[in-house]
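Survey of secondary and tertiary structure
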Amino acid sequence: MASSNRIPSELNASIKELFKRKGRILLKCPVRMETKSERTENKVLVFTAFRLYIVAAKIPSKIELQFNYVEIYSIESKKSNQLRLLIGERIYTVFSLDTESSDVDVMIGHIGTMIKNIFPSTLLGDIVRKIDVVPPERLKQLYDSIESGAKMDIGPCGGFSKQYACMCDCLGLPYREEVAWDVDTIYLSHDTKELVLHDFDHLEVRDLVPIIAALEHNTWFTKLRVSNIKLTSDANEQILVVLRRNVALEAIYFDNTGIKGDFVHKMSMALIANSQTSLHTIDLSNNLIEDKGLLVSLFFFISNFVSFWFGFAFVVGSMSVARLWV
């Protein structure tokens, strides 16, 4: 395991004990981390399949910070021994202990490889919005290493079960084996590309949130059917995230879900923010949305803004499908 040989044996043992129930450790790197006072402190970065942990270099070991890889907004390394991560609104800067080592490249490569294993059909830059590594030759070597290190097997339904597990970890919600089994087995055997939330209505409503979140970068499913389910605000918010980022969904069905006009407005804003959306059909029928004029105006606004859409089906109440070709 890279760099672990430079971690004192007692500290190494303490970290292993700490992570017995947190998943298999894939990489450990001792670093110096910048603090608010512009000083540095000894830490150990611990990497698992979905998560990066910052551990104090003390005994007994203690986790100080932790992040899911999808929370990383940018990766920067302008010196071979420096790594800077933007997560949320905070920047974390660490330095390898040995200025001549390749530890920083190993850490960046591991993050990239894990992300590609989870989202094999998605460009790394679509997950981590900014990657700034100099010189360019070094960045190219890292990309080559990530591509060669990632597993070639995408998995059933575009790797949905891995993406679902990742989102359960990210959102701090329990992973349900039956969800992965249903998708990997039943959905795959029927070659269906429509994800129906009613198939999981035996679960708690909150358990639907990571199922929805798994669609954010999934390229297998082209339809999402929410029909006849009253979602929580967290689930609705996750749908908006999916609409802002997903490039494969072509149709979504919200009929008889109890949604209100404010959600429809947020949905339109999410779609406008997604220049790569493939969506052409939205069903909002059997919802008590009073301001039909607002909905129609939003429909035209979206259609005109996203000019490459082939068509947009808009269903409201008892209205028939209206299709606009642009």
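1. Digging into the pattern of salt bridges
Applying the stated criterion to the full structure yields 14 salt bridges. The partner of Glu216 in a salt bridge is Arg245, and the shortest N-O contact between them spans 3.2 Å. With a gap of 29 residues between them, Glu216 in the loop between α7 (208-213) and β10 (223-225) and Arg245 in helix α8 (residues 233-245) connect regions that are remote in the sequence. Glu216 sits in the buried class, given a relative accessible area of 10%. Salt bridges linked by common partners bring Glu41, Lys43 and Glu64 together as one network.

2. Thoughts on the pairing of strand β6 (residues 82-87)
Relative to β6, strand β5 (residues 72-77) is paired through four bridges, and the arrangement is antiparallel. Within β6, the residue paired with Ser74 across the bridge is Leu86. Counting the residues in the hairpin turn of β5 and β6 gives four residues. With six bridges connecting them, β6 and strand β7 (residues 90-96) associate as antiparallel partners. The partner of Leu83 across the bridge, within β7, is Val94. If you look at the hairpin formed by β6 and β7, you'll find two residues sitting between the two strands, and Gly88 has a positive phi there, around 65°.

Conventions used here
Residues numbered from 1 in each chain as written. Predicted model: local features only at pLDDT ≥ 70, side-chain atom pairs only at ≥ 80, totals over all residues. Heavy atoms only, no water. Salt bridge = Lys/Arg side-chain N within 4 Å of Asp/Glu carboxyl O. Helix = DSSP H or I, 4+ residues; strand = E, 2+ residues; numbered from the N terminus. Buried < 20%, exposed > 50% of the residue type's maximum accessible area, 1.4 Å probe, protein only. Pairing = 2+ DSSP bridges.

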